[in-house]
Amino acid sequence: MTTITAPLRILIGKVGLDGHDRGIKLVARALRDAGMEIIYTGLHQTPEQIVSAAIQEDVDAIGLSVLSGSHNTLFLRVLELLKEQDADDIVVFGGGIIPNEDIPKLHAAGVRALFRPGTTMADIVDFVKAIQPRA
Amino acid sequence: MLSSERSIRKEMASPDGLAEHVKAGRVRAISRTITLLEAGNPMGREILRQLGDSGGRSHAIGITGYPGAGKSTLIDRLITAYRQQDKTVGVLAVDMSSPFTGGAILGDRIRMQDHALDKGVYVHSLATRGQRGGVSAATRDAVLVLDTAGFDIVLVETVGVGQGEWDIAEVAKTVVVVVAPGLGDEIQAMKAGILEVAHIVVVNKADHDGAETTLQHLRDWHPCVLRTVAVKGEGIPELIAAIAHHQQADPLPRHVSSQTIRQSLH
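Residues numbered from 1 in each chain as written. Chains lettered and ligands numbered in written order. Predicted model: local features only at pLDDT ≥ 70, side-chain atom pairs only at ≥ 80, totals over all residues. Heavy atoms only, no water.

Colleague: Requested: an account of the environment of R112 of chain A, with residues and values cited.
Modeller: Residues and elements named next belong to chain A. Along the polypeptide, R112 turns up in the loop between α4 (103–109) and β5 (113–115). For R112, a relative accessible area of 52% translates into the label exposed. A sequence separation of 21 residues divides R112 from V91, and the C-alpha atoms of the two residues are 6.7 Å apart. When near neighbours in sequence (up to four residues on either side) are disregarded, R112 contacts V91, V92, H107 and F127. (Helix = DSSP H or I, 4+ residues; strand = E, 2+ residues; numbered from the N terminus. Buried < 20%, exposed > 50% of the residue type's maximum accessible area, 1.4 Å probe, protein only. Contact = heavy atoms within 4.5 Å.)

Colleague: How would you sum up the sheet that holds strand β1 (residues 59–65) of chain B? Please name residues and give values.
Modeller: Residue and element names in this part refer to chain B. Across the sheet, which stays open at both edges, the seven strands sit in the order β4-β2-β5-β1-β6-β7-β8 with parallel pairing between neighbours. If you trace the sheet from one side to the other, it starts and ends with β4 (121–127) and β8 (225–227), each paired once. Adjacent strand axes in the sheet meet at a mean angle of 20 degrees, parallel and antiparallel pairs treated alike. Taken together, the five bridges between strand β2 (residues 89–95) and strand β5 (residues 153–157) define a ladder with parallel strand orientation. Bridging from a neighbouring strand, V91 pairs with L155 of β5. Helix α2 (residues 27–39) contacts β2 and β4 of the sheet and is inclined by roughly 15 degrees relative to β4. The sheet contacts of helix α5 (residues 139–148) involve β1, β2, β4 and β5, and relative to β2 the element is tilted by about 165 degrees. (Pairing = 2+ DSSP bridges. Axes fitted to C-alpha atoms, helices over the stretch in contact; angles between N-to-C directions.)

Colleague: Go over the interface of chain A and chain B with me, naming the residues and quoting the values.
Modeller: Counting from both sides, the interface comprises 37 residues of chain A and, opposite them, 35 residues of chain B. Surface buried jointly by chain A and chain B totals about 3000 Å² across both partners, of which 49% is contributed by carbon and sulfur atoms. Here chain A is connected to chain B by five salt bridges. E37 of chain A is the salt-bridge partner of R129 of chain B, the closest N and O atoms lying 2.6 Å from each other. Counting the contacts that link chain A with chain B gives 23 residue pairs in polar contact (both at pLDDT 80 or more). Residue assignment for the side of chain A that touches chain B shows that the elements contributing at least two residues are α1 (22–33), β2 (37–45), α2 (47–57) and α3 (71–84) of chain A. Here the residues of the side of chain A that touches chain B sort into 13 nonpolar, 10 polar and 14 charged. Bridge count between β2 of chain A and strand β3 (residues 104–106) of chain B: three bridges; the pairing is parallel. If you follow I39 of chain A over to β3 of chain B, its bridge partner there is L106 of chain B. (Buried area = accessible area lost by both parts, 1.4 Å probe. Salt bridge = Lys/Arg side-chain N within 4 Å of Asp/Glu carboxyl O. Polar contact = N/O pair within 3.5 Å; in protein donor to acceptor, adjacent residues only side chain to side chain. Nonpolar A, V, L, I, M, F, W, Y, C, P; charged D, E, K, R; others polar.)

Colleague: So, the pattern of salt bridges: which residues are in play, and what are the values?
Modeller: One pass over the structure, following the stated rule, counts 20 salt bridges over all chains. For E57 of chain A, the salt bridge is made with R109 of chain B, and the minimal N-O distance between the two is 2.7 Å. Of this pair, E57 of chain A sits in helix α2 while R109 of chain B sits in the loop between β3 and β4, on two different chains. The residues E57 of chain A and R109 of chain B share a single accessibility class, namely buried. Taking the shortest distance from any N to any O, the salt bridge between D58 of chain A and R32 of chain B comes out at 3.0 Å.

What follows is the structure, encoded as structure tokens:
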């Protein structure tokens, strides 16, 4: 396979009824400054919209912010849709206010990383940088 | 047109498989092919070779103009209008790569997300990756891919441009330049550059102060100037009609006008 030096492409967005986008915008900007191409879908996306956009954009990873408490439903639905479309090679990670007891279940379902309050920006950037490009 | 995406992952490893799936209009194959072309991967060229001239039916329309003039919102409304005509629409939305880090925020799509679940609409964002002409190096090839995939309409949104980025003329058959009111006097409308490659000039946000003056100045110097208020859907039918009129009035293939530009510059 020929080596590709293209930047990582990451879809960043918010799912569900949650209008708090300051954090996700900061993350998007930090990843931009780390040399990545960020497709920003904005607020109030359904899992279906996120997965459709991710496939159209041929992204390497999807990063979702959920501060509404509905992270279990939303993350699992995104993973399920990716599997349905044979696109579960796309890495899914996220952040938000996610209680300890929910973390093992989300990891087991395939969420690669979850960043909670107190995470440094460097931690997020380092994680995303280590993602292997798919193409 | 966009058939099942299931189990095409393995077949996407070869140029033959990708080319076949592009012709069948499969989203993942289209997207991956564009990725390969953007990366300069030789497999991308091989796919293009295999796609050959099986396209040729799409109408490629360039939407260019000043930053914040309303290009993305206008495209969102054009998508809706073309879908009402039962036409399928592919969109290539270009935004700037950072000259310092190579990173980019590709944010045009945010205005078009209402169409994300419409199987007749495809949106792909491209970063300029060092090109300064308003589109990326792979944009022209990406238009060919969407053409071959069978989209009736291909809309190409450039980065927000100033006066001097007119590479869109080499990519699209019909070029629409979008401006907003209140950005300069008549002399701006007389200047050389982007307005010369426009087949249609649109004054968007035409409900803002100064719109009439801007319209008047531009109409003195350009034969086709329209007014729109994209967020309210005003002027969209007229713009669709003007684009169709240009398509009918100019049967030349899209590259002819750009050759003329290049020849006259050398």
